[in-house]
Amino acid sequence: AMFAERIGASIYDAFVDDFGRTHPRFPQPMLPSTLVPVDVFLQFNDELVRRFFNGDTRIFWQIGELSCDYFSTQGPYVDSFYRGDYHRFWSMLPMIWKTLYTEGEARVTANGDTLDIEIDCPVAHAYFELSTMAFVRRGLEKKAGRKVEMRRLSGFDDVAKIVHYQFQLPAA
């Protein structure tokens, strides 16, 4: 929906149809429960970014933010965004990863006012790093009601196999 809104529904629908014709393993119709092979999923996203966003992968960060906005207003995780402490929010992150992806894992650890998020993903791609970390940051900011500082300790472009970010939790 985000892409259809940004580039126009008819243009996006034509892109999806064209991609489906040239990539037979791309499932159509696409439902929320449809499993998409990771290589096809990433080819779709890469082509979308190349064609409509001049190859700027920062759009993956926006996807993560918008996904967080969606999760915080609809579905089973709404309460985790607005009630309780940070622990309630970040403790659900590994479960959300498993809900969205069939491989890899997200790990969270907290130490005082810092939260460390690691992604161990068998496919090193900017989509997984940027969309996940944007989701986390946006969720923490919703809890805090203000900007949350973060540090990137390692990422896929560092030849690292594990993405590691650290977030500074604001005082409650």
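Everything numeric in this text was worked out from a predicted model, so none of it was measured.

## A closer look at the overall build of the chain
Thought 1: Within the chain, the regular secondary structure consists of eight helices and four strands.
Thought 2: The order of α-helices and β-strands along the chain, N terminus first, is α-α-α-α-α-α-α-β-β-α-β-β.
Thought 3: Compactness check: the chain gives a C-alpha radius of gyration of 17 Å against a globular reference of 16 Å for 172 residues, within 12% of the reference.
Thought 4: For the chain, the C-alpha atoms occupy an extent of roughly 50 × 35 × 30 Å along the three principal directions.
Thought 5: Put simply, 56% of the contacts in the chain that link residues at least 6 apart link residues at least 24 apart.
Thought 6: Total accessible area on the chain stands at roughly 9,700 Å², and carbon and sulfur atoms take up 53% of it.

## Here we look at helix 4 (residues 59-71)
Thought 1: In a regular helix each residue adds 1.5 Å, so 13 residues correspond to 18 Å; helix 4 covers 18 Å between its end C-alpha atoms and thus fits that length.
Thought 2: Among all positions of helix 4, only Ile59, Phe60, Trp61, Ile63, Gly64, Cys68 and Phe71 are buried.

## Here's the deal with the packing of aromatic side chains
Describing an aromatic ring pair means giving the distance of the ring centres and the angle of the ring planes.
Thought 1: The final tally for this structure, using the stated rule, is 18 aromatic pairs.
Thought 2: Look at Tyr70 and Phe71: their rings are 6.1 Å apart centre to centre, the planes differ by 80 degrees, and that puts the pair in the edge-to-face class.
Thought 3: Members of the aromatic cluster, connected to one another through ring pairs, are Phe41, Phe60, Trp97, Tyr101, Tyr127 and Phe128.

## Quick look at helix 7 (residues 93-100)
Thought 1: All of the buried residues in helix 7 are Leu93, Ile96 and Trp97. One side of helix 7 holds all its buried residues, which, seen down the axis, span an arc of 105 degrees.
Thought 2: Against the buried residues of helix 7 lie helix 4, helix 6 (86-90), strand 1 (105-111), strand 2 (114-120) and helix 8 (126-144).

## A closer look at the nonpolar core
Thought 1: By size, the foremost hydrophobic cluster in this structure holds 51 residues, and its most contacted members are Leu140 and Phe167.
Thought 2: With nine residues, the top contributor of residues to this core is helix 8.

Procedures and definitions
Residues numbered from 1 in each chain as written. Predicted model: local features only at pLDDT ≥ 70, side-chain atom pairs only at ≥ 80, totals over all residues. Heavy atoms only, no water. Helix = DSSP H or I, 4+ residues; strand = E, 2+ residues; numbered from the N terminus. Rg over C-alpha atoms; globule rule 2.2 N^0.38 Å. Contact = heavy atoms within 4.5 Å. Areas by Shrake-Rupley, 256 points an atom, 1.4 Å probe, with all protein chains shown as cover. Expected span 1.5 Å × (residues − 1). Buried < 20%, exposed > 50% of the residue type's maximum accessible area, 1.4 Å probe, protein only. Phe/Tyr/Trp six-rings, centres within 6.5 Å; stacked < 30°, edge-to-face > 60°. Arc of directions from axis to C-beta. Core = buried A, V, L, I, M, F, W, Y, C linked by side-chain atoms within 4.5 Å.

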